[in-house]
Amino acid sequence: YQLKIDASCESGTMEISVKYADEDAKDYTVNADTPCNELLSIPANTANEISVVVSIEPDTQGEVIAELLAKGK
């Protein structure tokens, strides 16, 4: 599987943390100058649960889209 994350901010800042299986969390800081366009590979049979936590600072304007893609997409 793959986890696709697209995030951007018009203003403000948000933090995105992704954790699966026993892997360390992958952390991303998103602001107007630094969007997030990541495609994370998740090996088969390694994770029963994927956690995506988004922390948004006040007055932030933006969007986050996370999509779990099955093999072959």
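Residues numbered from 1 in each chain as written. Predicted model: local features only at pLDDT ≥ 70, side-chain atom pairs only at ≥ 80, totals over all residues. Heavy atoms only, no water.

Q: Explain the overall build of the protein to me, please; I cannot follow it from the model alone.
A: Helix and strand counts for the protein come out as zero helices and six strands. Seen in sequence order, the protein has helices and strands lined up from the N terminus as β-β-β-β-β-β. In terms of principal-axis extent, the alpha carbons of the protein reach across some 40 × 25 × 15 Å. In the protein, which comprises 73 residues, the proportion classed as buried is 22%. Of the contacts formed within the protein by residues at least 6 apart in sequence, a portion of 65% connects residues at least 24 apart. Of the roughly 5100 Å² of accessible surface on the protein, 42% is carried by carbon and sulfur atoms. Here the protein contributes 5 positively and 14 negatively charged side chains, and the mean placements of these two sets differ by 13 Å. (Helix = DSSP H or I, 4+ residues; strand = E, 2+ residues; numbered from the N terminus. Buried < 20%, exposed > 50% of the residue type's maximum accessible area, 1.4 Å probe, protein only. Contact = heavy atoms within 4.5 Å. Areas by Shrake-Rupley, 256 points an atom, 1.4 Å probe, with all protein chains shown as cover. Lys, Arg positive; Asp, Glu negative; His and termini not counted. Charge placed at Lys NZ, Arg CZ, Asp CG, Glu CD.)

Q: What is the right way to read the nonpolar core from this model?
A: In summary, soluble globular proteins display a tendency toward joint burial of nonpolar side chains. Grouped together as the largest cluster of nonpolar side chains are 13 residues, with contacts concentrated most on Ile-5, Ile-16, Val-18 and Val-30. Mapped by element, the contributors of at least two residues to this core are β1 (2–11), β2 (13–20), β3 (26–31) and β4 (36–41). When residues no more than four places from it in sequence are discounted, the contact partners of Ile-5 are Ile-16, Val-18, Cys-36, Asn-37, Glu-38, Leu-40, Ile-65 and Ala-66. (Core = buried A, V, L, I, M, F, W, Y, C linked by side-chain atoms within 4.5 Å.)

Q: Honestly, the sheet that holds β4 in this entry has me stumped. Any pointers?
A: Across a sheet, strands are paired by hydrogen bonds formed along the backbone, either parallel or antiparallel in direction. Spatial strand order, β4-β1-β6: three strands in an open sheet with antiparallel pairing. In this open sheet, the two strands that pair with only one neighbour each are β4 and β6 (61–69). The average angle at which neighbouring strand axes cross in this sheet is 10 degrees, direction not considered. Summarising the sheet, β1 and β6 pair through nine bridges and their orientation is antiparallel. Its bridge partner lying in β6, Ser-8 is registered against Glu-63. (Pairing = 2+ DSSP bridges. Axes fitted to C-alpha atoms, helices over the stretch in contact; angles between N-to-C directions.)

Q: It is not clear to me how a nonpolar patch on the surface should be interpreted in this structure. Could you clarify?
A: There is a patch of nonpolar side chains on the surface, built from Tyr-1, Ile-50, Val-52, Val-54, Ile-56, Val-64 and Leu-68 and spanning about 560 Å² of accessible area. Contributions of two or more residues to the nonpolar patch are made by β5 (50–56) and β6. Note that Leu-68 resides in strand β6. (Patch = residues over 30% accessible without salt bridge, like charges linked within 9 Å, V, L, I, M, F, W, Y side chains within 5 Å. Salt bridge = Lys/Arg side-chain N within 4 Å of Asp/Glu carboxyl O.)

Q: Honestly, the pattern of salt bridges in this entry has me stumped. Any pointers?
A: In a structure, side chains of opposite charge can pair up when their charged atoms sit close to one another. One pass over the structure, following the stated rule, counts one salt bridge. The salt bridge partner of Asp-6 is Lys-4, with a shortest N-O separation of 3.8 Å. Assessed through its relative accessible area of 34%, Lys-4 is described here as partly exposed.

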